[in-house]
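Chain residues, written in single-letter form:
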Amino acid sequence: MEKIEEQFANLNIVKRSSGTQEPTYLLGIDTSKTVQAEKESLVAVLCSNESIRIYDKERLNVLREFSGNPGLLHGVKFAHSRDCVYSSCTDGTVKCWDARLASDKPVQLFKGYPSNSFISFDVSCNDHVICAGTEKVEDDVLLVFWDARMNSQDLATTINSLGTYSETHSDDITQVCFHPSNPNMIVSGSADGLVNVFDISVDNEEDALVTTCNSVSSVSCVGWSGKDYKQIYCMTHDEGFCWWDLNHLDTDESITCLNIQDVREVVNVKGGILDYLIGGLYHEKMDKLFVVGGANTGMIHLMSCTTSGLIHVTSLQGGHATTVRSFCWNMQDGSLLTGGEDAQLLLWKPGAVEKTFAKKGSMKIASSVYQRVRVHSSDSYKRRKKQ
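These numbers were taken from a predicted model, which means no experiment stands behind them.

Q: So what about the sheet that holds strand β27 (residues 324-329)? Which residues, and what values?
A: Reading across the sheet, the four strands line up as β1-β29-β28-β27 and stay open at both edges, with antiparallel pairing between neighbours. Looking at strand neighbours, the two that pair on one side only are β1 (11-16) and β27, the edges of this open sheet. Neighbour-to-neighbour, the strand axes of the sheet open up by a mean angle of 25°, direction not taken into account.

Q: For the layout of surface pockets, give the residues involved together with the corresponding values.
A: Approximately 250 Å³ is the volume attributed to the second largest pocket. For the second largest pocket, the lining is made up of 13 residues, of which V129, F145, L162, N184 and I200 are closest to its centre. Mapped by element, the contributors of at least two residues to the lining of the second largest pocket are β12 (143-147) and β14 (163-165). For the lining of the second largest pocket, the leading source of residues is β14, giving three residues. In the lining of the second largest pocket, the residues fall into six nonpolar, five polar and two charged.

Q: Tell me what's going on with the pairing of strand β17 (residues 194-199), and back it up with residues and numbers.
A: Of the pairings in the sheet, the one linking strand β16 (residues 185-190) to β17 comprises five bridges and is antiparallel in character. Among the inter-strand pairings, S188 is bridged to a residue of β17, identified as N196. Hairpin connection, β16 to β17: the antiparallel pair is bridged by three residues, and G193 has positive phi, about 90°. Examined bridge by bridge, β17 and strand β18 (residues 209-214) share five bridges and lie antiparallel to one another. Paired with V197 across the bridge in β18 is T211.

Q: Residue-level account of the confidence of the model for the chain, with values.
A: The share of residues in the chain with pLDDT of 70 or more is 87%, and the mean pLDDT across the chain is 88. Per-residue pLDDT stays below 50 along residues 355-387; that stretch engages in 70 contacts with residues further than four places along the chain or on separate chains.

Q: Explain the sheet that holds strand β13 (residues 157-160) to me, using residue names and the numbers behind them.
A: Read from one edge of the open sheet, five strands run β6-β7-β8-β9-β13, paired in mixed fashion. This sheet does not close on itself; its edge strands, each paired only once, are β6 (73-78) and β13. Neighbour to neighbour, the strand axes of the sheet diverge by 20° on average, direction disregarded. Note that strand β8 (residues 93-98) and strand β9 (residues 108-111) share four bridges and pair antiparallel. By the bridge assignment for β9, K95 is matched with L109.

What counts, and where the lines are drawn
- Residues numbered from 1 in each chain as written.
- Predicted model: local features only at pLDDT ≥ 70, side-chain atom pairs only at ≥ 80, totals over all residues.
- Heavy atoms only, no water.
- Pairing = 2+ DSSP bridges.
- Helix = DSSP H or I, 4+ residues; strand = E, 2+ residues; numbered from the N terminus.
- Axes fitted to C-alpha atoms, helices over the stretch in contact; angles between N-to-C directions.
- 1 Å grid on protein atoms, 1.4 Å probe; cavity = no way out; pocket = protein on both sides within 12 Å on 5 of 7 lines; lining within 4 Å.
- Points joined across faces, edges and corners; volume = space filled by probe spheres on them.
- Nonpolar A, V, L, I, M, F, W, Y, C, P; charged D, E, K, R; others polar.
- pLDDT = per-residue confidence, 0-100.
- Contact = heavy atoms within 4.5 Å.

Here it is in structure tokens:
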């Protein structure tokens with residue numbers, strides 16, 4: 001089997017999304033999980049103009065667009081068993097659209113409480129449960145749960161929540177991520193620096209809390225890794241990285257595999273600069289965790305995660321003109337989708353014949369956008385001088 005390092009290094013751009021009238025940051029990407037020979041594979045992209053665009057994966061043309069108005073959308077996720085796409089919204093709902101229908105109206109609306117403003121969410125691996133995290137309002141910070149099982153009577157209906165967790169975070173819940181194969185396990189990350197693991201099959205919040213890990217900084221990304229996905233990792237808004245092994249919870253060994261306060265200070269990127277982290281990627285067959293980062297010039301870096309640190313493997317360049325915000329890796333065919341602040345959605349494939357494209361320059365976007373998206377410094381990170 002070709003190593004993922006070689007696959008990544010051998011990626012070339014095969015398609016670039018067609019231009020749109022309004023320049024937007026591409027903040028999140030997910031692909032449809034259903035495989036139907038007669039239907040094209042779909043890509044859902046969260047955009048900074050308060051919309052979700054649905055693309056045909058091979059042609060990268062926009063098929064339709066869904067809006068979160070009057071609220072702002074956070075996150076984008078396809079269901080595992082059907083072509084429904086979800087996003088959480090600051091209007092206190094999680095919205096579900098049929099990605100193959102042109103109608104902008106959600107087919108389902110999962111409603112929270114009147115004061116809720118949702119900024120994170122996920123759907124369990126069996127599509128039975130949705131969980132969303134709120135911004136802090138006064139002293140309230142909630143994880144809200146809904147029954148997501150759909151039948152014909154549920155279409156175009158509003159669904160009220162099953163219940164909430166309210167005692168385990170003290171600030172905005174920025175990330176929620178269900179376990180890839182166990183629908184009862186979920187990890188949440190918060191601006192309070194805490195990363196909590198829950199078993200939602202247990203009746204009450206206190207007993208459902210499996211463990212709490214502390215990243216000591218506002219959490220920007222969480223995920224699962226390791227054999228049987230018994231490890232968790234997180235990234236922080238100031239480019240920190242933490243990795244914990246839940247197998248050690250009942251032993252005397254430390255659960256901390258790796259804790260880096262600022263990866264920009266310690267990772268040596270060959271022939272480039274690491275300005276920020278984008279996300280993580282666990283390769284099941286290789287049993288290996290990779291971290292994806294980038295430079296403000298648009299270069300993308302792949303790093304291997306080991307207990308001794310993050311090791312730069314290889315980089316991609318020549319695609320984006322500025323900061324890359326999102327990626328989606330396909331384990332089956334080795335293809336990669338990337339989205340950036342240059343409003344470009346790129347499809348990369350291993351061993352493909354590279355096509356020549358005119359590289360688009362950076363697009364200046366209205367300042368209101370910066371209030372809802374994570375912004376990196378326009379200056380490359382300057383490493384601190386050793387004393």
